[in-house]
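# Close look at the chain arrangement
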Amino acid sequence: GQITYVDQNGNTIHQQTLTGVTGQTITVTPEVPAGWKIVSGNIPSSITITGDGITSQIITIAHSTVLVQPTDPKTPADTLPDNPGKKYPSGVAKDDLNKTVTRTINVKKPNGTITKIQNVRLSRTATVDEVTGEVTYGEWSTGNWDAYNVPTVAGYTPSQTTVQKVNVTSETQPATVDITYSPAAQTGKISYVDPNGKEVSNTPLTGTTGDTITITPQIPAGWKQVPNQEVP
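Residues numbered from 1 in each chain as written. Predicted model: local features only at pLDDT ≥ 70, side-chain atom pairs only at ≥ 80, totals over all residues. Heavy atoms only, no water.

### Observations regarding the sheet that holds strand β19 (residues 175-183)
An order of β11-β10-β19-β16 is seen for the 4 strands of this open sheet, with the pairing classed as mixed. Since the sheet does not close on itself, it has two edges, and those belong to β11 (112-123) and β16 (156-158), each with one partner. Strand-to-strand twist of the sheet, defined as the mean angle between neighbouring strand axes without regard to direction, takes the value 15°. Relative to β11, strand β10 (residues 98-109) is paired through 12 bridges, and the arrangement is antiparallel. (Pairing = 2+ DSSP bridges. Helix = DSSP H or I, 4+ residues; strand = E, 2+ residues; numbered from the N terminus. Axes fitted to C-alpha atoms, helices over the stretch in contact; angles between N-to-C directions.)

### Focus on the nonpolar core
Membership of the largest hydrophobic core is limited to 12 residues, which are Ile-3, Tyr-5, Leu-18, Ile-26, Val-28, Trp-36, Ile-43, Ile-47, Ile-49, Ile-54, Ile-59 and Ile-61. Elements supplying a minimum of two residues to this core: β1 (2-6) and β6 (57-63). Contact partners of Ile-47, with chain neighbours within four places excluded, come to Leu-18, Gln-24, Thr-25, Ile-26, Val-28, Ile-54 and Gln-57. (Core = buried A, V, L, I, M, F, W, Y, C linked by side-chain atoms within 4.5 Å. Buried < 20%, exposed > 50% of the residue type's maximum accessible area, 1.4 Å probe, protein only. Contact = heavy atoms within 4.5 Å.)

### Observations regarding the pairing of β19
By the bridge criterion, 6 bridges tie β10 to β19 in an arrangement that is parallel. Among the inter-strand pairings, Val-107 is bridged to a residue of β19, identified as Ile-179. Examined bridge by bridge, β16 and β19 share 3 bridges and lie antiparallel to one another. Bridging from a neighbouring strand, Tyr-156 pairs with Pro-183 of β19.

### Some points on the pattern of salt bridges
What the rule picks out here adds up to 2 salt bridges. The partner of Lys-74 in a salt bridge is Asp-72, with the nearest N and O atoms 3.3 Å apart. The closest approach of N and O atoms between Glu-199 and Lys-189, which form a salt bridge, is 3.0 Å. Taken together, the positions of Glu-199 in strand β21 (residues 199-208) and Lys-189 in strand β20 (residues 185-193) put the pair 10 residues apart, joining distant regions of the chain. (Salt bridge = Lys/Arg side-chain N within 4 Å of Asp/Glu carboxyl O.)

### Some details on the packing of aromatic side chains
Taken as a whole and judged by the stated rule, the model has 0 aromatic pairs. In this arrangement the basic side chain of Lys-99 is found over the ring face of Trp-140, its NZ or CZ atom lying 5.4 Å from the centre. Cation over ring: Arg-124 sits above Tyr-137, and NZ or CZ is 3.8 Å from the ring centre. (Phe/Tyr/Trp six-rings, centres within 6.5 Å; stacked < 30°, edge-to-face > 60°. Lys NZ or Arg CZ within 6 Å of the ring centre and 35° of its normal.)

### Topic: the sheet that holds strand β13 (residues 135-137)
Pairing within the open sheet is antiparallel, and its 3 strands lie in the order β7-β12-β13. The open sheet is flanked by β7 (65-68) and β13, the only strands paired with a single partner. For this sheet, the mean angle separating the axes of adjacent strands, direction not counted, is 25°. Pairing geometry for β7 and strand β12 (residues 126-129), over 4 bridges, is antiparallel.

### Here we look at the environment of Ser-46
By the element assignment, Ser-46 lies in strand β5 (residues 46-48). Taking the C-alpha atoms as reference points, Ser-46 and Ile-26, separated by 20 residues in sequence, lie 5.5 Å from one another. When sequence neighbours within four positions are dropped, the list of residues in contact with Ser-46 reads Thr-25, Ile-26, Thr-27 and Val-28.

### So, the side chain of Asp-129
Of note, Asp-129 is situated in strand β12. Here Asp-129 occupies a buried position and makes no salt bridge, while the nearest side chain of opposite charge, Lys-86, is found at 6.9 Å. Excluding residues that lie within four positions of it along the chain, Asp-129 makes contacts with His-63, Ser-64, Thr-65 and Glu-134. (Lys, Arg positive; Asp, Glu negative; His and termini not counted.)

This is the structure in structure tokens:
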């Protein structure tokens, strides 16, 4: 008799011959081709042969597949689990199933630069056909770069106060954000007061952080500066 192994289109992949004599009980050892798996039909572990002979059987088989996890990548040096005569194909190594997308934030303070690195690690699975070696990938995971609040520096205005949160996918490109600080406008005054502390007049002072400005007192007409006062 025979066990015929066919694919899902009915094509014969392998035939296994069974032999014996009437009245004998024979042990059946399945001969599923390497890299294939049974999807329909049952193969008995033993058959008792009757006067009618051995009933032939048809077993439907399909390609075995193996799911490769990003935490357990493979290389062409590794053997397929259900087809030990073949190795894993290329395309299922660590860098095929894992990637890191980075945003670098350079905060250029007046007294020095600080750098904030934001890494998002993405991963995907791969399914390997153990007969053909074809690789099919799952969807990449996603993540995000968190929002970043720019540090404040007294007397300076940052180019932006917040770096926005960004959703990161496999299509997202690495990014660099440079934060710069500009001197802020400052105002002040020289106040001229009488002996009772009442302001008589003033001289406005303006400039930006870091400037050195010249101060020229403008004492009101008819008044004089009380001695022993330091004027920068």
